[in-house]
Amino acid sequence: MDTVVERELELKLVLSPERSIPVPARLTYRTEDPYAVHVAFHIGSDFPVHWTFARDLLVEGVFRPCGQGDVRIWPTKVDRRNVIFVALTSPDGDALLEVPSALVATWVERTLRLVPPGTETERLGIDEGLAELLAPLPADDLWLSDPWASDEWQDGDA
């Protein structure tokens, strides 16, 4: 059974040290995709902007700087508030987002209670999928049997 943990929140898109604009977003975690976090940013266009990255990255980013390349996350303080910065890089541009630490930490904790670290592979159904792929089909009996078993050469037969 797939369970979904979602959280609507408002991030701040940091434009400069003095200026930011609010960006509504939705964090989504699905047990059928246990390694991933999905974020949809509602930026006023016809369709939201979607990002997907490792849940472990967000878990670690609550406590210490992590990530490299397209997604980097780190905790800090802004005006005495605990926040998390998320830096996103793509061919379309870069974004620095600020989100309250408590909101992210609470949401991450819900995902960790649902699928504890180290148990993600159990949710993928790899063993069941392999068993289904490798299960013999009725037509396989034709290939597994030896159709020429009675045609073996015997000594003295020509």
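Sequence positions are assigned chain by chain, starting from 1 and proceeding in written order. With the structure being a predicted model, the display of local features is reserved for residues of pLDDT at least 70 and the display and counting of side-chain atom pairs for 80 or more, all residues being used for whole-chain, interface and lining totals. Calculation of side-chain values draws on the structure's entire complement of heavy atoms; hydrogens and water are dropped beforehand.

A. Spatial organisation of the nonpolar core. Residues belong to a common nonpolar core when they are buried Ala, Val, Leu, Ile, Met, Phe, Trp, Tyr or Cys residues joined through side-chain atoms within 4.5 Å. Three exposure classes are used, based on accessible area relative to the maximum for each residue type with a 1.4 Å probe and protein chains only: buried under 20%, partly exposed in between, and exposed over 50%. Phe41, Phe53, Leu58, Ile73 and Trp107 are the most contacted members of the largest nonpolar core, which totals 29 residues. Whether two residues are in contact is decided by their heavy atoms, any of which lying within 4.5 Å being enough. Setting aside anything within four residues of it in sequence, one finds leucine 58 in contact with Val37, Phe53, Ile73, Val104, Trp107 and Val108.

B. Molecular detail of the pattern of salt bridges. The term salt bridge refers to a pairing of a side-chain nitrogen on Lys or Arg with a carboxyl oxygen on Asp or Glu at a separation within 4 Å. One pass over the structure, following the stated rule, counts six salt bridges. The closest approach of N and O atoms between glutamate 8 and arginine 26, which form a salt bridge, is 2.6 Å. Pair noted here: glutamate 8 is in strand 1 (residues 4–16) and arginine 26 is in strand 2 (residues 19–30), with a separation of 18 residues, a long-range link. Residue classification places glutamate 8 among the partly exposed residues on the basis of a relative accessible area of 45%. Its relative accessible area of 29% is what places arginine 26 among the partly exposed residues. Here glutamate 98 ties to arginine 81 by a salt bridge, and the two come within 3.1 Å at their closest N and O atoms. To qualify as a helix, a DSSP run of H or I must reach at least 4 residues; to qualify as a strand, a run of E must reach at least 2; elements of each kind are numbered from the N terminus.

C. Structural context of the sheet that holds strand 4 (residues 49–54). One bridge is not enough; two strands pair if DSSP finds at least two bridges between them. Read across the open sheet, the eight strands follow the order 4-3-2-1-8-7-6-5; overall the sheet is antiparallel. Because the sheet does not close on itself, it has two edges, and the strands there are strand 4 and strand 5 (66–68). Across the sheet, the mean angle from the axis of one strand to that of its neighbour is 35°, orientation sign disregarded. Contacts from helix 2 (residues 101–114) reach strand 1, strand 2, strand 3 (36–41), strand 7 (81–90) and strand 8 (93–100) within the one sheet, and its direction differs from that of strand 1 by about 150°. The convention used is that axes are lines fitted to C-alpha atoms, helices contributing only their stretch in contact, and that angles between N-to-C directions extend from 0 to 180 degrees.

D. Focus on the environment of aspartate 33. One can find aspartate 33 in the loop between strand 2 and strand 3. Classification of aspartate 33 by relative accessible area gives partly exposed; the value is 29%. Placed 31 residues apart in sequence, aspartate 33 and aspartate 2 show a C-alpha to C-alpha distance of 8.9 Å.

E. Up close: the packing of aromatic side chains. Any two of the Phe, Tyr and Trp rings considered here, Trp counted by its six-membered ring, make a pair once their centres fall within 6.5 Å; the pair's planes then place it as stacked at under 30 degrees, edge-to-face at over 60, or tilted in between. What the rule picks out here adds up to one aromatic pair. Aromatic side chains tryptophan 74 and phenylalanine 85 sit 5.6 Å apart centroid to centroid with 50° between the ring planes, which places their arrangement in the tilted category. Here phenylalanine 85 lies in strand 7 and tryptophan 74 lies in strand 6 (residues 71–78), a separation of 11 residues in the sequence. Since its relative accessible area comes to 25%, tryptophan 74 is described here as partly exposed. Residue phenylalanine 85 is classed as buried on the basis of its relative accessible area of 12%.

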